[in-house]
Amino acid sequence: MFAVLQFPGSNDDRDMVFAMKSVLGADARLVWHKDAELPAGTQCVLLPGGFSYGDYLRCGAMARFSPIMAAVTRFAAAGGPVLGTCNGFQVLCEAGLLPGALLRNRDLAFVCAPAHLRVERVAAPFTSRATPGQVLRIPIKHGEGRYHVTPEKLARLEAANQVVLRYCTPAGDVTDAANPNGSIGNVAAVCNAAGNVMGLMPHPEHAVEALTGSTDGRVLLGSLIDWAEQQTR
Amino acid sequence: MSDRNRSGSSELERSESGERARGERSEPLVDQTLAREHGLSDEEWQRILEILGRTPSYSELGIFSVMWSEHCSYKSSRVHLKNLPTRGEHVLVGPGEGAGAVAIGDGLAVIFKIESHNHPSFIEPTQGAATGVGGILRDIFSMGARPIATLDSIRFGPLDDPKHRRLLEGVVHGIGGYGNSVGVPTVGGETGFHECYRGNILVNAFNLGLAPADGIFLGQASGVGNPVIYAGSKTGRDGIHGASLLASAEFDAESDAKRPTVQVGDPFTEKCLIEACLEAMRTGVIVGIQDMGAAGLTCSSFEMASRAETGIEMDLDCVPQRAANLSPYELLLSESQERMLLVTRAGEERQVLDIFERWDLDAVVVGRVTGDGRMRVHWHGQTVVDIPVDPVAANAPLYERKQRVPADLAARQKLDLASIEPEADPQAALAVLLDSPNLGSKAWVWRQYDSLVQGNTVIGPGGDAALVRVKREDGTPTRKAVAMSVDCNPRWCWLDPRAGTIAAVAESARNVACTGARPLALTNCLNFGNPEKPEIMWELAESIRGLGEAAEALGTPVISGNVSLYNETSGRAIFPTPTIAVVGLLDDVERHAVSHFEVAGLAILLLGETREELGGSEWLQLRRGLEAGLPPSVDLAHELRLQQLLAEGVASGLVRTAHDVSNGGLAVALAECGFTGPAGVRIGARVELADGIRPDALLFGESTGRVLVATGNPDALLERARAAAVPARRIGTTGGSRLVIRHAPLTVLASGGPAASEVTSLIDAEVANLEAIWARAIPRRLEQAG
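Residues numbered from 1 in each chain as written. Chains lettered and ligands numbered in written order. Predicted model: local features only at pLDDT ≥ 70, side-chain atom pairs only at ≥ 80, totals over all residues.

Concerning the overall build of chain B
Okay, step 1: Secondary structure summary: chain B contains 29 helices and 28 strands in total.
Okay, step 2: The C-alpha extent of chain B, read off along each of the three principal axes, is 95 × 55 × 50 Å.
Okay, step 3: Here chain B holds 786 residues, and the buried ones make up 61% of them.
Okay, step 4: Put simply, 84% of the contacts in chain B that link residues at least 6 apart link residues at least 24 apart. (Helix = DSSP H or I, 4+ residues; strand = E, 2+ residues; numbered from the N terminus. Buried ≥ 20, exposed ≤ 12 C-beta atoms within 10 Å, placed from the backbone. Contact = placed C-beta atoms within 7 Å.)

What follows is the structure, encoded as structure tokens:
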């Protein structure tokens, strides 16, 4: 079962449940941020996008103190997969579950647009359905998505294969022009050292139907479903 | 009352400080002079004395002044609005409630409305626009609908004015900052610029929500003894007299001093309020609910009691407050945002209060419904308001204001085309048009809006109309989609308010039809100058007349709307700007048309007729410096036939691309079809136009009732068009990287095919180059220094 956390101000929570459940056929449900425990049978935790607590202090800074986050931290420490998209990525960075921080976009404006992403790491549980170097078209929509770590830290993340996705051109070239927010190294997604916690700014839950623009989000969400099915077997 | 105990201790503190406050801030003496300062006429003052049989208290005077303001009472426009067609077989709720509702089948209804926030946005663009979005959202979800789509119509002065560059940036920031945070997609809109908005910008926000057809909530305080609940943000001192002194008066040099009347928005609270209200509505114990919008607690409580023919008794000491020492006058008139007033069944309010508590929102019982038709308000143990509901709410003054045809109207409409020098360089003209902020790309605006949240956006910003798939509240998708478009050509409305308004309705409906949807109903926001001037009143009355005619003829009843008057600064009014939003329904979302060419080798057909109409066109203004003439004529019967043809053509799969020909004419429309669309492709076209009219009218004239379509089966579509009595002709083919438009004068054709030498090339340009000009129209102007 996929637990989709619902913080006050989460916006893409219902969309994530729709993508996982109605489109991809998995068991997904909302979990209230004030709950102290994850529901029994939780195989994976999804932190959706939005503006938790209005993002008034700093993106994700308040949500990390929600009661459910202690349970999520324990779940991650035990090796359970945790995926944060957009605001969820910000929460995971604030909670110390992922390295780095997300700053105001380079041009200081919110941007909602399709983005091309090059897959840099192919591994369960998040990208097993992808091929190395595959280009995914998944939208971004954020005002504070500029991934930041020091250049030294980025080198360490790269060496440890923790950079999962990078912004690129439709042809797969990682260029400055293809970088929509000024993220260091064009980083769009990173994972922790153990590889079971990942954050990304793009929205795979908004790329699961051709009708609404793209199905490339299924590569990421589908990988998680594959992983969960293997655990159940 | 148990629910008061939650704030028991602070209540005590408040009443102590309140005692002090009364000593320090005694209420002013209420007399005719004070009434005038409140914007009430001498006649209205006399009427108040008659209704009460005594001099009103200070709070009561404040109530009358806001309830009888133009903004709340529609006192200048109501006599005209009452003639609009508001009924139809699908209409569930017409004007008079927070918004109108239309059935879309499957047990579902869409609820929608457009509303202005012009005056506040000029004074404080970011907060003014943000709270405009917040206000329209509350109108929608207060009726039980989840808001699923926002459109915005925004208009500014020229971008060479640094003030207007800042206003544009501020307004877009405000709309985005609020809309993005509440999780409602902004899927379309329009952005316009004109000298006439230099002193008054326009910010009109549209929202559409989805509700169960049998689960629509109304703003009614029914059931004597039922508790009245205040929910949402605490009350502060912001926005007092926003409706009366800000929105119902002209601007002048002192207007910046009105900044404190602008409210401040909190989208996070709004987001929680949406979820809490929708959850509370599912309990089945809510009897009535209304947003505290303009004139706050006063307007909502009076309107709810008036609709139910009841009264309300209320204790202001129970109202959650975020400022110390609020007077009863301030508590009643504050326009603090994100607040709702609810009535529940007596004894069952706990269920509702618990839901708000779960979302960390204030919710307290502040009063009871009474049966005596009076509003009685208590504060610190005194009765500060005791007035009958109906004379204030339902029987506000009504004015049949004087009208006069503007003295310069004939001069505006005078245009002798023969004396207008023909366009010598069509390609240069096309570049100038594409580079103008009115015709250029609006991506700079809409990239700052989340257009994807909720996962239903089939066609987002940049299309003729937005198309949003209908998904039930439990997440089950339906096959249906809702199309919507917001439109107005203010210059046409200035040249002829009636014809211009008819054209706006026709264009909005045509845009909706271009997706394949059938237009269902419309909402409108009438932005005009000072109605006390007979010329402005004439414009307003003419415009409403045109609105009624077009809505009737196209079968799109007017189910909601808003009137914004006094858009005037130092005596200079805006062009009449009746913003129209038509909403349509598409039965099978998989079968829809887009507004870009997506495939090479398709036939391009032009539906509708091109006449020699250059009056009021963009070309005439940009190339000849003239805003004159009569707007293009509109044939409403043709529009209906065209809509029907499009719906059938899209449903049968014949039409994949359909794009309305509007501002800038055929040349601009052809270029736009070729620009990079959501599918990521850019496609040229080869077009040959055979016609007897002057080439510049052919390229840039703005004749209405025309749509460009791309089809793989032109013969079948031409046959359908013939059967539908819609003029149609094949004009070219998609493909290549260039837009090539050639002209074969009709006289040559008539003599048996054009001789090669007589076919002239009007346009021959790389689409990529045209797109680059178009894409930079707004950004390059914003990048100017200052």
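Having seen it, we continue.
Describing the overall build of chain A
Okay, step 1: Helix and strand content of chain A: five helices and 11 strands.
Okay, step 2: The proportion of buried residues among the 233 residues of chain A is 57%.

Thoughts on the interface of chain A and chain B
A common way to state how big an interface is: give the accessible area lost once the parts meet.
Okay, step 1: Each partner contributes to the interface: chain A provides 27 residues, whereas chain B provides 29 residues.
Okay, step 2: Those elements that place two or more of their residues in the side of chain A that touches chain B are α1 (13–23), β6 (111–119) and β7 (135–142) of chain A.
Okay, step 3: No other element matches the five residues that α1(A) contributes to the side of chain A that touches chain B.

Details of the pairing of strand β2 (residues 28–32) of chain A
All names here are of chain A.
Okay, step 1: Of the strand pairs in this sheet, strand β1 (residues 2–6) and β2 are connected by five bridges, and their pairing is parallel. Bridging across to β2, Gln 6 finds its partner in Trp 32.
Okay, step 2: Crossover connection from β1 via α1 to parallel β2: handedness right-handed. (Pairing = 2+ DSSP bridges. Right-handed = clockwise from strand over helix to strand, strands pointing away.)

Some points on the environment of Arg738(B)
Residues and elements named next belong to chain B.
Okay, step 1: In this structure, Arg 738 sits in strand β27 (residues 738–745).
Okay, step 2: For Arg 738, a count of 17 C-beta atoms within 10 Å puts it in the partly exposed group.
Okay, step 3: As a C-alpha pair, Arg 738 and Ala 765 span 27 residues in sequence and 5.3 Å in three-dimensional space.
Okay, step 4: Setting aside chain neighbours within four positions, we find Arg 738 in contact with Gly 684, Asp 764, Ala 765, Glu 766 and Val 767.

Digging into the sheet that holds β7(A)
All names here are of chain A.
Okay, step 1: What the nine strands build is an open sheet, ordered β2-β1-β3-β4-β11-β10-β9-β6-β7; its pairing is mixed. Lying at the two open borders of the sheet, with one neighbouring strand each, are β2 and β7. Neighbour-to-neighbour, the strand axes of this sheet turn through a mean angle of 25 degrees, independent of strand direction.
Okay, step 2: As paired elements, β1 and strand β3 (residues 44–47) share three bridges and run parallel to each other. Within β3, the residue paired with Ala 3 across the bridge is Val 45.
Okay, step 3: Against the sheet, helix α3 (residues 87–94) makes contact with β3, β4 (82–85) and β11 (197–200), and its axis sits at roughly 120 degrees relative to β4, the strand it touches most. (Axes fitted to C-alpha atoms, helices over the stretch in contact; angles between N-to-C directions.)

Overview of the domain arrangement of chain B
Residues and elements named next belong to chain B.
Okay, step 1: Taken domain by domain, chain B comprises domain 1 (2–27 + 218–393), domain 2 (78–216 + 441–586) and domain 3 (593–782).
Okay, step 2: Facing the 33 residues of domain 1 at the interface are 31 residues of domain 2.
Okay, step 3: The element best represented in the side of domain 1 that touches domain 2 is helix α11 (residues 267–281), accounting for eight residues.
Okay, step 4: Class assignment of the residues belonging to the side of domain 1 that touches domain 2 gives a composition of 15 nonpolar, nine polar and nine charged. (Domains from an automatic or database assignment. Nonpolar A, V, L, I, M, F, W, Y, C, P; charged D, E, K, R; others polar.)

Section: unusual backbone geometry
All names here are of chain A.
Okay, step 1: Each neighbour pair has its own omega, and for Ala 124 with Pro 125 the value is 5 degrees, a cis peptide bond.
Okay, step 2: Turning to its location among the elements, Pro 125 is positioned in the loop between β6 and β7.
Okay, step 3: One non-glycine residue, Asn 161, adopts positive backbone phi at about 60 degrees.
Okay, step 4: Structurally, the position occupied by Asn 161 is in the loop between α4 (151–159) and β9 (163–168).

Observations regarding the environment of Pro745(B)
All names here are of chain B.
Okay, step 1: Within the secondary structure, Pro 745 is located in strand β27.
Okay, step 2: For Pro 745, a count of 17 C-beta atoms within 10 Å translates into the label partly exposed.
Okay, step 3: Spatially, the C-alpha atom of Pro 745 lies 5.6 Å from that of Gly 692, the residues being 53 residues apart in sequence.
Okay, step 4: Setting aside residues no more than four positions away along its own chain, Pro 745 makes contact with Gly 692 and Glu 758.

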